[in-house]
Amino acid sequence: MRLAAIRSALIMLALASAPASALEAYKVVGDAIPAPLGGKIGDLKRGRALVLDRTQGNCLICHQVPEPNEPFQGTIGPGLAGVGARLDTGQLRLRLIDAGLLNPQTVMPPYFRIEGLRDVAPAFRDRPALTAQEIEDVVAYLASLRTP
Amino acid sequence: MTAAGRALAAALLALAGAARADEIKPGSTFLSPEMQRQQQDQSRNPGYLWVEQGEELFSRRDGVSPTCISCHADPKQSLRGAAARYPQVDAASGKLVNLEGRIEQCRVDRQKQPAFGYESQDLLGLTAYVASLSKGMPLSVSAEGAAKPFYEAGKAFYERRQGQLNLACTQCHDGLVGQKLRGDTISYGIGTGYPAYRLEWNGLGSLHRRLRACSLGVRATQFDYGSDDYLALELYLAVRARDLPMEAPGLRR
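Residues numbered from 1 in each chain as written. Chains lettered and ligands numbered in written order. Predicted model: local features only at pLDDT ≥ 70, side-chain atom pairs only at ≥ 80, totals over all residues. Heavy atoms only, no water.

1. Regarding the overall build of chain A
In terms of regular secondary structure, chain A is built from five helices and zero strands. Burial analysis of chain A (148 residues in total) assigns 44% to the buried set. When the accessible surface of chain A is summed, it comes to about 7,800 Å², and 60% of that surface belongs to carbon and sulfur atoms. (Helix = DSSP H or I, 4+ residues; strand = E, 2+ residues; numbered from the N terminus. Buried < 20%, exposed > 50% of the residue type's maximum accessible area, 1.4 Å probe, protein only. Areas by Shrake-Rupley, 256 points an atom, 1.4 Å probe, with all protein chains shown as cover.)

2. Examining the interface of chain A and chain B
Contact with chain A, which involves 37 residues of that partner, is made by 27 residues of chain B. Between chain A and chain B the total buried area reaches about 2,700 Å² when both faces are included, carbon and sulfur atoms providing 54% of it. Counting across the interface, chain A meets chain B through two salt bridges. Remark: the boundary between chain A and chain B carries 16 residue pairs in polar contact (both at pLDDT 80 or more). (Contact = heavy atoms within 4.5 Å. Buried area = accessible area lost by both parts, 1.4 Å probe. Salt bridge = Lys/Arg side-chain N within 4 Å of Asp/Glu carboxyl O. Polar contact = N/O pair within 3.5 Å; in protein donor to acceptor, adjacent residues only side chain to side chain.)

3. A look at the sheet that holds strand β5 (residues 196–198) of chain B
Residue and element names in this part refer to chain B. In spatial order, the strands read β6-β5-β7; together these three strands make up an open sheet with mixed pairing. At either margin of the open sheet sits one strand with a lone partner, and together these are β6 (203–205) and β7 (250–252). The sheet shows a mean angle of 35 degrees between the axes of neighbouring strands, direction not considered. Pairing between β5 and β7: three bridges, direction parallel. What sits directly across from R198, in β7, is R252. (Pairing = 2+ DSSP bridges. Axes fitted to C-alpha atoms, helices over the stretch in contact; angles between N-to-C directions.)

4. Focus on the nonpolar core
In this structure, B:F58, B:L99, B:L139 and B:L235 are the most contacted members of the largest nonpolar core, which totals 58 residues. Elements with a minimum of two residues in this core: α3 (47–59), β2 (96–97), α6 (99–110), α7 (121–132), α8 (148–159), β5, α10 (207–217) and α11 (228–240) of chain B. In this structure, this core is formed jointly by two domains, domain 1 (3–41 + 139–252) and domain 2 (47–132) of chain B, each of which donates at least three residues. One finds A:I33, A:L92, A:F112 and A:L145 within the second-largest nonpolar core, a separate group that totals 40 residues. (Core = buried A, V, L, I, M, F, W, Y, C linked by side-chain atoms within 4.5 Å. Domains from an automatic or database assignment.)

5. Some thoughts on the domain arrangement of chain B
All names here are of chain B. As assigned here, chain B comprises domain 1 (3–41 + 139–252) and domain 2 (47–132). Averaged C-alpha coordinates put domain 1 and domain 2 at centres separated by 24 Å. Here domain 1 and domain 2 share an interface that buries about 1,900 Å² over both sides, 73% of which is from carbon and sulfur atoms. It is L204, L231 and P249 that lose the most area in domain 1 upon contact with domain 2, and together they represent 27% of the buried surface on that side.

6. Notes on the packing of aromatic side chains
Residues and elements named next belong to chain B. Inspection of the entire model under this criterion finds nine aromatic pairs over all chains. Ring centres of W50 and Y197 lie 5.9 Å apart, and the angle between their planes is 55 degrees; this geometry places the pair in the tilted category. Of the two residues, W50 sits in helix α3 while Y197 sits in strand β5, which places them 147 residues apart along the sequence. Of the residues examined, W50 reaches a relative accessible area of 13% and is grouped as buried. By relative accessible area, which is 10% here, Y197 ends up buried. A ring pair is formed by F157 and F223, whose centres lie 5.6 Å apart and whose planes are at 70 degrees; its orientation type is edge-to-face. With a gap of 66 residues between them, F157 in helix α8 and F223 in the loop between α10 and α11 connect regions that are remote in the sequence. Here F157 falls in the buried class, since its relative accessible area comes to 4%. Each member of the aromatic cluster is reached from another via a ring pair, and the members are Y151, Y158 and Y236. The side chain of R160 reaches across the aromatic face of F157, ending 5.0 Å from its centre. Taking the ring centre of W201 as reference, the NZ or CZ of R198 above it sits at 4.9 Å. (Phe/Tyr/Trp six-rings, centres within 6.5 Å; stacked < 30°, edge-to-face > 60°. Lys NZ or Arg CZ within 6 Å of the ring centre and 35° of its normal.)

Dropping the structure here:
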């Protein structure tokens, strides 16, 4: 089931030959996006700030991270402690960019997609939730979470 | 959870779909026991301040004639259960009206006064008062006949993904009930407690104000107070909550 979903996602990606947007292009290989977006280098510290921040990433409404000083972490998504040992950077990148490529029913928001969204509030329209640089920053932080 | 476990959970979520009507529980079920007691206690639930103001407005003369009470004598009897039948389709205009809309209609057409305006303290007070007269009564809103197209529109709204975070109401309020979203416990997302006093608002607010908060939460367009979109959604939520007891004024985090 999972493979079929990946395959159909790849086909859809192939069909959407010319992306209408100016977002950095990426290539899906299996369940990963191996190459950094736009060739950018991630910064772990900035990534951590984005994950904890309540307006931009706001990951903690859904996830738990190993940050004892952060109260009220969500229980909607899987806990992220040890995620850097479970998934490699390419796999992390794909799940952040658009987890819907793996699981069309996913609750995890697409952080680097602007197409196929509906009724987006004006302040957030026509730009991804995170920029290419920010995606790389968050990937760097997640990759550092190696202890389950 | 393992990857296989997650794939299974996702598949189950897709299959699970909407919660069955008999599983849906009132919003207060998800409050701490202390907040549940506070909601029940009229002397400790701040929403009753608005109820009292509404009750006073309901019978106040100050030159406005007729007063509400001159048409609705003995409201504790005559209006008991009224709020539990809204939203409903107005026979004359064919439009969907909620309780706020009906009160404004009386104000403009019968009292010949300027509308209070959505979310004004006067309209909140009157709505809370009239809703409180149905406290404990089962919600009984129709999805049939003239209401059908509105119900369908509300259902479609509830089920479609929206906003930059690409989430549908149903994903949280059917699929994730009981889970923690930050400090909140996700409920079935029904409106039986509204108007409600929210600690976050430090005041009483309408259901449409709560809906605007959820829209903002997923970074979606916030529709206007009293808009057709939210009215249809309100109808869908009411039908979904059929037979549940009215609990306005609710108390919420």
